[in-house]
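# Tertiary structure, described
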Amino acid sequence: PSPAVAAGLLGLLSVALALGGARGGGSPRFPWDATSAVVLHSKRLRITGAAVEAGSARPAQKARVLEHQALEQVALLAAEPLQAGQYYTLSIQYFANLSESFHGFYKSTYRTQEGELRVLAATQFEPTAARMAFPCFDEPAFKARFSITIRREPKHLALSNMPIVKSVTITPWLVEDHFDTTVKMSTYLVAFIVSDFKSISKITGHGVKISVYTVPDKINQAHYALDAAVKLLDFYEDYFSIPYPLPKQDLAAIPDFQSGAMENWGLTTYRESALLYDPEKSSASSKLRVTMVIAHELAHQWFGNLVTMEWWDDLWLNEGFAVFMEFVSVSVTHPELRVEDYFLRRCFDAIEVDSLNSSHPISTPVEDPAQILEMFDNVSYIKGSCILNMLRDYLTADVLKAGLVQYLQKYSYQNTKNEDLWNIMTNASILYSLMFFNFICPTVGSDKNELQGDGFCRTQQSSSNAHWTKGETLDVRAMMDTWTLQKGFPLVTVTVRGKNVHLQQERYMKGVDSPSSTGYLWHIPLTYITSKSDTVQRFLMTTKADVIILPEEVEWVKFNVDMNGYYIVHYEDDGWDRLINLLKENHTVISSNDRASLINNVFQLVSIKKLSISKAFDLTLYLKHERQIMPVLQGMNELIPIYRLLERRDMDGTAKQLKEYIINLFKDLIDKQSWSDEGSASERLLRDSLLLFACVHRYQPCVDKAKGYFTEWQKSNGTLSLPADVKTAVYAVGAQTSEGWDFLLSKYRLHLFNVERQNIELALSLSRSKDKLQWLMDQGLRGDIVRTQDLPHIIVFVAKTPSGCHLAWTFLKENWEKVVEKFELGSNSVADIVTGVTSRYSTRSQLAQVKEFFSSLEEKSARLRCVQQAIETIEDNIQWMDTNFEKVKTWLQNNQL
């Protein structure tokens, strides 16, 4: 049936569970057009019988069942045609084993403090795994109401999207829970868990019951998440002016979980590290992560659950919004976390993948499950959120909010496409401008501060951020289509000639054989400040080239103020020299975000040969005086990967020289760090990164201090309380000796150290012993000591070390089938491994090996986007090294700090 017909569907699902297998029965009811066959999705379900019933007066008729495994579908053939306009009930009997992967209805285990192994079962259906738990129309546009019944043992409790309405004792060892019928929603949001979890609860200001569920021994780590969830759900109800429609919202920490979290309506599920927080032991970065992930999943209760994309090609309507709303919500509910610093860094990550030819438009056609999974990437999530941030900066926060609220109200319980959002945004901006803006169109020369001619109008607002807009109506769709329907992003080249600023746009493209960028054109909401005025000026660039006339000549101009735009900027002639000089003379004249964006842009321009590497290194010299987290981390993010490239190929000590340069650049800042948990969230996050960097790169004062802490900690048998933000550095140094590594592993296995698992995994993977690194990856695949959910980042950690780079590649090749079976083809986990293992390759023989291995696999694996990204990145690294190695060497010899 069409989605409109399926809207009448009521899914009645019952699951009987003895932990070890699952049996189910289902009876969807719906009207449809005349047909003899009903085709449903079904995967690895053994259907034993099906019947069709037309009303209660007539007996049910058996239906034949045909299965098409490749398409993950079953057809139910009725004995006689099903008539249009008539309601039918399908009854399907089937059974299945719990899934051994992380999707479908799957098995998870944990050990109690006493060491007893316990089993639970949980679901992860997005994007296409509801069909592994029950036959259904498993596509987002087929929304239905679900009525779920679960049978369980009395020692367990069952959770689902809705509260339990009644529990019936069937036998002394079997209880049947009946859950309330859900609101109308997509199959991928259905969820159920059968476990022995404990919970804590609170009621929000709007009367919604929030509960956090964890394994019994960790319930004391649930309080932070509970408080954050209460604040955030209240924030969203107020912000969207739409009440949360369910009576409860559960947050459950699942011991085995592939992604970070999942937004199932009323029952959000999380990795333990994304939900649990121990005030005594958890770091500042852990608090930030937990807050952001909860904000993300709760934003989905509106963006994604209430209003859902029609098909997976517009996944960004779910994910880009949820990432953007993390930033909007947490900056209000938890201002002390300074989430805006973190948000901008992620836009640089999106630019990294979006600069490759293997990138894709935000909105991209997809068909099969592997292609759908591939959409869950940095383009859908991060680029999506960055262009929304740019739109907010352009339209103003109030106009964007008004548009979002209209969009959610108009399409509640429905499905949408890209254009639905833009049409509403256009209307919102027109309405808003009619209500609040007073337009003044300047005549040439009337006011030296206003833009001259060009049909541009200045709107007078209370804010100092005057907004520029064309005299005609703003067409948000025309503008935003340029950001969602074409891949990549623009490079804006700025040439200053007296008072005239000449602008040109082209597609930024890395790569040896970059295809031409002709045909690419963006509507770019440019912003700029100058040496004469820190008032943000705005200009919408809709053509390949344009000119801005300044009121007077200036010493420097800086475009993309605070990096709110998703584009990078090149300054021709002496433009970069003037900015480099500004940073050297008085870097605080521009904001820390502006400084971070200059650092990012200058290295991006080296990659496409617009600037020399020596110019980029000249810019970094000012970092000796930098104290803010954003530019410091950006400087490290640009320089450390170059060091890693050189380290792999180093014959003549250049890598060592570069390492010394980076350490000397940040030495004063490193020396100033207190080995404590004092300070603001930003200061704590910076300390964590700086000390780990210094210790891993063997800056002696840092190593000595960390060694001292590790020795004391070891002597106390791990009972000494180390400051949370310095633990990773201490563990990393301790793991360098065989004895220290073994001691860390012994603590890793203990229940007490669960909060620190990832810190310890990073430290263990920095060992110089190949045997230890191999053992670590093998254990990750086995899944008893090291959880398999952690294998992807362990492989990548290992690949980044000199002793582990070849081991990780060999491991990936030898275990490819197992990795794909566990994590699914197309998943982010597989992509992270493929790109992470190969990201520092820079020789032609390495490129040949990678190409040879992936071309030997079946076509579906060879065609994965992550494989294309890996190959492009290696080609880019080869070109970078050929062009820049000697220049870096010369620059370092001439610029000793």
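Residues numbered from 1 in each chain as written. Predicted model: local features only at pLDDT ≥ 70, side-chain atom pairs only at ≥ 80, totals over all residues. Heavy atoms only, no water.

## A few points about the overall build of the protein chain
Within the protein chain, the secondary structure is distributed over 28 helices and 33 strands. Here the C-alpha radius of gyration of the protein chain, 29 Å, is about what a compact globule of 897 residues would show, namely 29 Å. The C-alpha extent of the protein chain, read off along each of the three principal axes, is 90 × 75 × 55 Å. Within the protein chain, the fraction of its 897 residues that count as buried is 61%. Intrachain contacts of the protein chain at a sequence separation of at least 6 include 70% that bridge at least 24 residues. Accessible area of the protein chain: about 34,200 Å², with a carbon and sulfur share of 49%. Taken as two groups, the 92 positive and 104 negative side-chain charges of the protein chain have centres that lie 3 Å from each other. (Helix = DSSP H or I, 4+ residues; strand = E, 2+ residues; numbered from the N terminus. Rg over C-alpha atoms; globule rule 2.2 N^0.38 Å. Buried < 20%, exposed > 50% of the residue type's maximum accessible area, 1.4 Å probe, protein only. Contact = heavy atoms within 4.5 Å. Areas by Shrake-Rupley, 256 points an atom, 1.4 Å probe, with all protein chains shown as cover. Lys, Arg positive; Asp, Glu negative; His and termini not counted. Charge placed at Lys NZ, Arg CZ, Asp CG, Glu CD.)

## Here's the deal with the environment of R477
Among the secondary structure elements, R477 is positioned in helix 10 (residues 476–484). When its relative accessible area of 33% is taken as the criterion, R477 is described as partly exposed. A C-alpha to C-alpha distance of 6.2 Å links R477 and N423, two positions 54 residues apart in sequence. The contact partners of R477, leaving out residues within four places of it in the chain, are E419, W422, N423 and T426.

## Thoughts on the nonpolar core
The biggest cluster of nonpolar side chains holds 296 residues, and the ones touching the most others in it are I294, M325, L503, F559, F617 and W816. Dropping the residues within four chain positions of it, F559 is found in contact with V494, V501, L503, L526, T527, Y528, I548, V569 and Y571. In terms of nonpolar packing, the next biggest core, distinct from the first, is built from five residues, L692, A732, L766 and F797 among them. (Core = buried A, V, L, I, M, F, W, Y, C linked by side-chain atoms within 4.5 Å.)

## Points about the sheet that holds strand 21 (residues 267–271)
Strand order across the open sheet formed by five strands is 17-18-19-21-20, with mixed pairing between neighbours. Here the strands that pair on one side only, and so sit at the sheet edges, are strand 17 (198–203) and strand 20 (261–262). Sheet analysis places strand 20 next to strand 21, joined by two bridges and oriented antiparallel. Each residue of the ladder has a partner; that of M262, found in strand 21, is T269. (Pairing = 2+ DSSP bridges.)

## With respect to the environment of T426
Structurally, T426 can be placed in helix 9 (residues 418–436). Excluding residues that lie within four positions of it along the chain, T426 makes contacts with L474, D475, V476 and R477. Within the structure, T426 has its side chain in polar contact with the backbone nitrogen of V476 (distance 3.1 Å). (Polar contact = N/O pair within 3.5 Å; in protein donor to acceptor, adjacent residues only side chain to side chain.)

## Concerning the sheet that holds strand 33 (residues 568–571)
Backbone hydrogen bonds hold the strands of a sheet together, and the pairing may be parallel or antiparallel. Strand order in the open sheet formed by four strands is 31-28-27-33, with mixed pairing between adjacent strands. With partners counted over all chains shown, the strands left at the sheet margins are strand 31 (545–549) and strand 33, one partner each. Here the average twist between neighbouring strands, direction ignored, is 25 degrees. Looking at chain direction, strand 28 (residues 500–507) and strand 31 are connected through five bridges and run antiparallel. For H502, the partnering residue across the bridge sits in strand 31 and is V547. The sheet contacts of helix 12 (residues 592–607) involve strand 27 (490–497) and strand 33, and relative to strand 33 the element is tilted by about 70 degrees. (Axes fitted to C-alpha atoms, helices over the stretch in contact; angles between N-to-C directions.)

## Here we look at the state of the cysteines
Under the counting rule described, the total for this entry stands at two disulfides. Two residues share a disulfide in this structure: C347 and C386, whose sulfurs sit 2.1 Å from each other. Linking C347 and C386, the disulfide has an S-S dihedral of approximately -105 degrees and is accordingly described as left-handed. Residue C347 is located in helix 5 (residues 339–354), and its partner C386 is located in helix 7 (residues 378–395); the two are separated by 39 residues in the primary sequence. The pair formed by C347 and C386 is uniform in burial state, with each residue classed as buried. Disulfide partner of C695: C702, at an S-S distance of 2.3 Å. Disulfide C695-C702: torsion about the S-S bond near -90 degrees, hence left-handed. The class of C695 is buried, set by a relative accessible area of 5%. According to the relative accessible area criterion, C702 is buried, its value standing at 3%. With no disulfide of its own, C805 has C866 as its nearest cysteine by sulfur position, at a separation of 20 Å. On the basis of relative accessible area, C805 is assigned to the buried category, the value being 5%. (Disulfide = S-S within 2.5 Å.)

The values reported here are purely geometric and, on their own, carry no functional implication.
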